[in-house]
Amino acid sequence: MSYAPDWLRPSIRMRLTALYGGMFLIAGVLLLGSVYLLVGRQLADQQPPRIEFKSDVVIRNAAGDQISPDAFQQMLQQQQVSNRDLVLHSLLQQSLLALMLLSVIAFGFGYLMAGRVLSPLGRITAAARAVAGTGGSGLHRRIDLDGPDDELKELADTFDEMLERLDRAFDSQRKFVANASHELRTPLAINRTLLEVALGDPQVSPDLRELGDKLLATNERSERLIEGLLLLARSENELTDRKPVDLAEVAGRTMEQLTGEAGERGVQLRGDFGDATVSGNLVLLERVTLNLAQNAVRYNVPDGWVEMSTSTVDGTALLTVANSGPVIPPDNVEALFEPFRRMRGDRTESDKGVGLGLSIVRSVVRAHGGWIEAEPRPEGGLIVRIGFTGETAAA
């Protein structure tokens, strides 16, 4: 039914149309039945006139045979009954024809009226879809429904109030994350500087140097976490400044950037970059390709491979990253896109990241109005596809 025309869908408009038309049809049938019974009773109560004949009057029928006055009176009664049946039959036929015609008009008029009455619901639905399509970045939109102060306007106003509260909550959350991240970057930078200066002293003992290296590694991981939080907060904002970005060029630079790390881990890189231009933010889109490629390289197996490709299909710019690796249960794929979630057993390993890579990817894609899907490979590894459609995919 999802592919049926709008006027065939089992929607509220169709149900209201059926209700309006059905009520009119039932009322018409009752009215027709009442008129039929009243006219039939009125005709049944009428008696033919009583005619008195003189004794010398001769009465003959259509065949020329002589009949008596009583027989003639009986013929009049039979003719009246026949005429009554004919009148009632004609009344029934014409009334049914008129009822069918008026029913068609009533259903059509009911369909138009139902559409007019439900038009505010269309605006509410469009606003909800617009907000859902932007992944929460379009919460500033409002319905601003005008018209009579009825239940539909009350619903629209309530929806606007909900969007206002959600917008304030999301904005407060983003500001808190951004402010907290900025406040944390300064002491971390100071700690890193102090540790580097201390480790630069040639008289530092081996034990202190080992401790300093561990502290530097911990500090570096904390810095990556803060940078990830900053980028995550930034990517969840709706983009206002868009420029054409060559996704193929961005993907190619990413693969070159990861050549050294992939070689150290024994992972082979492959690329197939077709034309794919996206209208968006270059820095954020670079982070998308980098995070996907880094995850594919780091969560891989020895002698594994990573393949990245770009293309444009039916106006949709596509980015696909596939890689070998451990087998991923299908139920765990969605959890990989949540913040601070990694593959089981990797939570304590700092060299693979802080668990924000795929969360940032999803947020950036949503901010660009795109879509993302992931599916595990039966042999192990993951396939991630990203698409930018509509105005996001530049010609």
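Residues numbered from 1 in each chain as written. Predicted model: local features only at pLDDT ≥ 70, side-chain atom pairs only at ≥ 80, totals over all residues. Heavy atoms only, no water.

Asker: Teacher, can you tell me more about the confidence of the model for the protein chain here?
Answerer: Low-confidence regions, as indicated by low pLDDT, have predicted coordinates that should not be scrutinised in detail. In the predicted model, the protein chain carries a mean pLDDT of 80, and 83% of its residues have values of at least 70. Low pLDDT, under 50, characterises residues 345–350; the stretch is placed with 7 contacts to residues that sit more than four places away or in other chains. (pLDDT = per-residue confidence, 0-100. Contact = heavy atoms within 4.5 Å.)

Asker: Sorry, what's going on with the pattern of salt bridges here?
Answerer: Taken as a whole, this structure holds 13 salt bridges when the rule is applied. Put simply, R385 and E373 hold a salt bridge, and the shortest N to O gap is 3.9 Å. Of this pair, R385 sits in strand β9 (residues 382–388) while E373 is found in strand β8 (residues 371–376), placing the two residues 12 residues apart along the sequence. Taking relative accessible area as the criterion, R385 reaches 27% and is therefore assigned partly exposed. The salt bridge involving R385 is made with E375; its shortest N-O contact spans 2.5 Å. Taken as a pair, R385 in strand β9 and E375 in strand β8 lie far apart in primary sequence, 10 residues in all. Among the charged side chains, a network of salt bridges with common partners joins E249, R253 and E286. (Salt bridge = Lys/Arg side-chain N within 4 Å of Asp/Glu carboxyl O. Helix = DSSP H or I, 4+ residues; strand = E, 2+ residues; numbered from the N terminus. Buried < 20%, exposed > 50% of the residue type's maximum accessible area, 1.4 Å probe, protein only.)

Asker: How should the nonpolar core be read in this particular structure?
Answerer: For soluble globular proteins, the rule of thumb is that nonpolar side chains tend to be buried together. Membership of the largest hydrophobic core comes to 37 residues, with the highest contact counts inside it found for V288, L292, M308, L319, I386 and F388. For this core, the elements supplying multiple residues, two or more each, are α5 (247–257), α7 (282–298), β6 (304–313), β7 (316–323), α8 (357–367) and β9. If you tally residues by element for this core, the top one is α7, at 8 residues. Not counting residues up to four positions away in its chain, the partners in contact with L292 are L319, V321, L358, V361, V384 and I386. Within the second largest apolar cluster, 9 residues are counted, among which are A127, L145, A156 and F159. (Core = buried A, V, L, I, M, F, W, Y, C linked by side-chain atoms within 4.5 Å.)

Asker: Sorry, what's going on with the pairing of β7 here?
Answerer: Consecutive side chains along a regular strand alternate between the two faces of the sheet. With 7 of 8 residues buried, β7 lies mostly within the body of the structure. One ladder, built from 8 bridges, connects β6 with β7; its direction is antiparallel. Bridging from a neighbouring strand, S309 pairs with T320 of β7. Where β6 folds back on β7, the antiparallel hairpin that results is connected by 2 residues, among which D314 adopts a positive phi of roughly 55°. (Pairing = 2+ DSSP bridges.)

Asker: How should I be thinking about the sheet that holds β9 in this particular structure?
Answerer: With mixed pairing, the 5 strands of this open sheet are ordered in space as β4-β6-β7-β9-β8. In the strand order of this sheet, the two ends are held by β4 (267–273) and β8, each with one partner. Taken pair by pair, the neighbouring strands of this sheet meet at an average axis angle of 10°, ignoring direction. Direction of pairing for β7 relative to β9: antiparallel, over a ladder of 7 bridges. (Axes fitted to C-alpha atoms, helices over the stretch in contact; angles between N-to-C directions.)

Asker: Please explain a nonpolar patch on the surface as it appears in this structure.
Answerer: Among the surface-exposed residues, L19, Y20, M23, F109 and M113 lie close enough to one another that they form a single nonpolar patch of about 490 Å² accessible area. Sorting the residues of the nonpolar patch by element identifies α1 (12–45) and α2 (69–133) as the ones contributing at least two each. The element best represented in the nonpolar patch is α1, accounting for 3 residues. Relative to the helices and strands, Y20 is located in helix α1. (Patch = residues over 30% accessible without salt bridge, like charges linked within 9 Å, V, L, I, M, F, W, Y side chains within 5 Å. Areas by Shrake-Rupley, 256 points an atom, 1.4 Å probe, with all protein chains shown as cover.)

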